[in-house]
Amino acid sequence: MSDKPTDRIVPMTSVASGAGHAVLPDVYFLPVQIVNISFIGAAGSKDWILVDAGVPKSGKKIIEEAEERFGNDNPPKAIILTHGHFDHVGAIDDLLEKWQVSVYAHKYELPYLTGKESYPEPDPTVEGGGVAKISKYFPNEPIDISGSVEPLPEDGSMPFLPDWEWVHTPGHTKGHISLFRPSDKVLIAGDAFVNVRQDSIYKVITQQREINGPPTYFTPDWESARESVKILNELKPEAAITGHGWPLVGEELTGGLEKLANDFDKIAVPEKGKYVDKDKKRD
Ligand SMILES: [Zn+2]
Ligand SMILES: [Zn+2]
C-alpha cells in the first residue's frame, strides 16, 4: 500500500457541519460549526487522541461523534490543543467532565489555559469582512483548566503518538502548535494557516475554500506568523486539516501553501489593523 495520503484519501462529499470525515483511515476531522477538530486513531482504537475542543456548547456533539467512532467508555488518551482561543477550547469543560484525561499544550500557551493571562483583544478595525467587525464580541479571556493541562514535551515528541511530532508555529498565538506525521506528511495546522477567508461571513458560512493566513482579527504577531507558514511549507505536507475550512490535499495544498509562504504579506497580512505595522513588512 502506498504511503502517500493522496492515494489513500477517503473521498469527502458532504460539507454539512457535524458530519465528520476520515481524511486518512486514522485521521478524522469533524467540523463543529465554524471550527474543525480532529480525532487521531483508527476507528475502534483504544489509543486515540482528540485535537482541539471546538466551540462552546459543542461538547455533546463531540462526545457523540467520538463514541460513534471509538465506542462507548473509550475516552481519548489525551486532548492536544493547537492553541487556546475560545473556538478551539469551547467545550473543554464538558469534555473533561466526561473524560478525566490530560490536556497538552505548548508551555507558552499555558497562561491562557490556567486563568493567568488574557489573549490580546480581537481587532474589529482590521481590514476585512464582517467577521472581523463582530470579532469584538469574541471572548479573549483565559480559561482555567489548571488541574488538567500540562506542557508538551520539550523535544517535539507527542504524548501517546510516537509517529507524530509537534511544531511550534507562533504568530497567531505565542504557543500555537501544529501537529505533523513525517511518515506520510500529514499536517494538522491549527490556525497557522486556514482554508477559508475567515474574515468574510459569507465565505465562512459557505466554507468557500481559500488557503489563507491565520484569522486576521485574532493575530497579533504577523512576523512570527509569516515564519511559521514558511516552516510548515518546508515540511511539504501532503494532506492538511486546518482549524477552519475544508481539509487540503495534493496540489491544492502544496501549491496553495507555497504561494502563501512566498506571498504572505500580500495574501495574509491585512492592509491595516492595530497589530499591523506595514513598515516592518518585508518585500
Ligand atoms: Zn485561533
Ligand atoms: Zn480558530
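As a starting point, this report considers the structure included with it. Throughout, residues of each chain are indexed from 1 in the direction in which the sequence is written. The lettering of chains begins at A and the numbering of ligands begins at 1, in the order of writing. Only residues with pLDDT of at least 70 get local features here, since the model is predicted, and only at 80 or more are side-chain atom pairs given and counted; chain-wide, interface and lining totals rely on the full set of residues. Based on all heavy atoms of the structure, the side-chain values leave hydrogens and waters out of the count.

A few words on the nonpolar core. Side-chain atoms within 4.5 Å are what join buried Ala, Val, Leu, Ile, Met, Phe, Trp, Tyr and Cys residues into a set we call a nonpolar core. Any residue under 20% of the maximum accessible area for its type is buried, any over 50% is exposed, and the rest in between are partly exposed; the area is computed with a 1.4 Å probe on protein chains only. The biggest cluster of nonpolar side chains holds 30 residues, and the ones touching the most others in it are Phe 39, Leu 50, Ile 79, Ile 92 and Leu 95. Counting residues per element, this core draws most heavily on helix α2 (residues 59–70), which supplies four residues. Should any heavy atoms of two residues lie within 4.5 Å, those residues are considered in contact. For Leu 95, the contacting residues outside a window of four places in its chain are Leu 50, Ala 53, Gly 59, Ile 62, Ile 63 and Ile 79. In terms of nonpolar packing, the next biggest core, distinct from the first, is built from 22 residues, Val 23, Val 51, Ala 78 and Trp 246 among them. By the criteria applied, helices consist of DSSP H or I runs no shorter than four residues and strands consist of E runs no shorter than two, each listed in order from the N terminus.

Another point: the pairing of strand β11 (residues 239–242). Where burial is concerned, the two faces of β11 agree: the one with Ala 239 and Ile 241 and the one with Ala 240 and Thr 242 are both buried. Here strand β10 (residues 186–190) pairs with β11 via four bridges, running parallel. The residue bridging Leu 187 from the neighbouring strand is Ala 240, located in β11. With two bridges connecting them, β11 and strand β12 (residues 248–249) associate as antiparallel partners. Across the sheet, residue Ala 239 finds its bridge partner in β12, namely Val 249. The loop that links β11 with its antiparallel partner β12 comprises five residues; one of these, Gly 245, has a positive phi angle of about 95 degrees. Strands qualify as paired when DSSP identifies two bridges or more between them.

This part is about the side chain of Asp 123. With respect to the secondary-structure elements, Asp 123 resides in the loop between β6 (102–105) and α5 (130–134). One buried charged side chain, Asp 123, makes no salt bridge at all; its nearest oppositely charged neighbour is Lys 274, positioned 5.2 Å away. Whenever two N or O atoms come within 3.5 Å, that pair is a polar contact, provided that in protein one can donate a hydrogen and the other can accept it, and provided that, for residues adjacent in sequence, both atoms are side-chain atoms. Within the structure, Asp 123 has its side chain in polar contact with the side chain of Thr 125 (distance 2.5 Å). When residues no more than four places from it in sequence are discounted, the contact partners of Asp 123 are Ala 132, Ser 135, Tyr 217, Gly 273, Lys 274 and Tyr 275. Positive charges come from Lys and Arg, negative ones from Asp and Glu, while His and the chain ends are left out of the count. Take a side-chain nitrogen of Lys or Arg and a carboxyl oxygen of Asp or Glu: if they are within 4 Å of each other, that pair is a salt bridge.

The next subject is helix α8 (residues 250–262). Expected helix span is computed as 1.5 Å times (number of residues minus one). The end-to-end C-alpha distance of α8 is 18 Å, a good match for the 18 Å that 13 residues give at a rise of 1.5 Å each. Turning to α8, its buried residues number three or more, namely Gly 250, Leu 253, Gly 256, Leu 257, Leu 260 and Ala 261. On an axial view of α8, the arc spanned by its buried residues comes to 165 degrees, and they lie on one face. Of the exposed residues in α8, those oriented more than 90 degrees away from the buried face are Glu 251, Lys 259 and Asn 262. Each direction from the helix axis to a C-beta atom contributes to the arc, which is the arc of those directions.

Taken together, His 88 (NE2), Asp 191 (OD) and His 244 (NE2) make up the full set of protein donors to the zinc ion (ligand 2), lying 2.0 to 2.1 Å away. Between the two metals, the zinc ion (ligand 2) and the zinc ion (ligand 1), the spacing is 3.2 Å, and Asp 191 donates to both. Pair noted here: Asp 191 is in the loop between β10 and α6 (201–206) and His 244 is in the loop between β11 and β12, with a separation of 53 residues, a long-range link. For Asp 191, a relative accessible area of 2% gives the class buried. The donor definition counts N, O and S atoms within 2.8 Å of each metal and applies 3.2 Å to Na, K and Ca; water is not among these atoms, so some sites may look incomplete.

With that out of the way, let us pick up the coordination of the zinc ion (ligand 1). Here the zinc ion (ligand 1) is held by the protein donor atoms His 83 (NE2), His 85 (ND1), His 172 (NE2) and Asp 191 (OD), which lie 2.1 to 2.3 Å from it. One way to put it: the four donor atoms around the zinc ion (ligand 1) meet at angles of 88 to 176 degrees, and that makes the site irregular. Judged by its relative accessible area of 0%, His 83 is buried. A site with four donors is called tetrahedral when every donor-metal-donor angle falls between 85 and 135 degrees; four donors are called square planar, and six octahedral, when opposite donors sit more than 155 degrees apart and all other angles fall between 65 and 115; any other arrangement is irregular.

Right, let's get into the packing of aromatic side chains. Here the aromatic set is Phe, Tyr and Trp, taking the six-membered ring for Trp, and pairing holds for ring centres within 6.5 Å; pairs whose planes are under 30 degrees apart are stacked, those over 60 apart are edge-to-face, and all others are tilted. Considering all chains together, one arrives at 13 aromatic pairs under this definition. Relative to Phe 70, the ring of Phe 39 lies with its centre 5.8 Å away and its plane at 70 degrees, an arrangement referred to as edge-to-face. A residue pair is termed long-range when its members are at least 10 positions apart, and Phe 39 in strand β3 (residues 35–40) and Phe 70 in helix α2 qualify at 31 residues. Phe 70 matches Phe 39 in its accessibility class, with the two residues each being buried. Consider the rings of Phe 86 and Phe 138, whose centres lie 5.1 Å apart with planes at 40 degrees: the pair is tilted. Here the residue Phe 86 occupies a position in helix α3 (residues 86–89), and Phe 138 occupies one in the loop between α5 and β7 (149–151), the gap between them amounting to 52 residues. Through successive ring pairs, a cluster of aromatic residues spans Tyr 28, Phe 39, Trp 48, Phe 70 and Trp 99.

Our next topic: the pattern of salt bridges. Scanning the model with the defined rule gives eleven salt bridges in all. Between Lys 107 and Glu 154 there is a salt bridge, with its nearest N and O atoms 3.2 Å apart. Residue Lys 107 is located in the loop between β6 and α5, and its partner Glu 154 is located in the loop between β7 and β8 (165–168); the two are separated by 47 residues in the primary sequence. When its relative accessible area of 39% is taken as the criterion, Lys 107 is described as partly exposed. Between Glu 117 and Lys 174 there is a salt bridge, with its nearest N and O atoms 3.9 Å apart.

Next up on the list: unusual backbone geometry. One non-glycine residue, Gln 33, adopts positive backbone phi at about 50 degrees. Tracing the sequence through the fold places Gln 33 in the loop between β2 (27–32) and β3. Under the relative-accessibility criterion, Gln 33 is labelled exposed at 54%. At Phe 160, a position not held by glycine, the phi torsion is positive, near 70 degrees. Along the polypeptide, Phe 160 turns up in the loop between β7 and β8.

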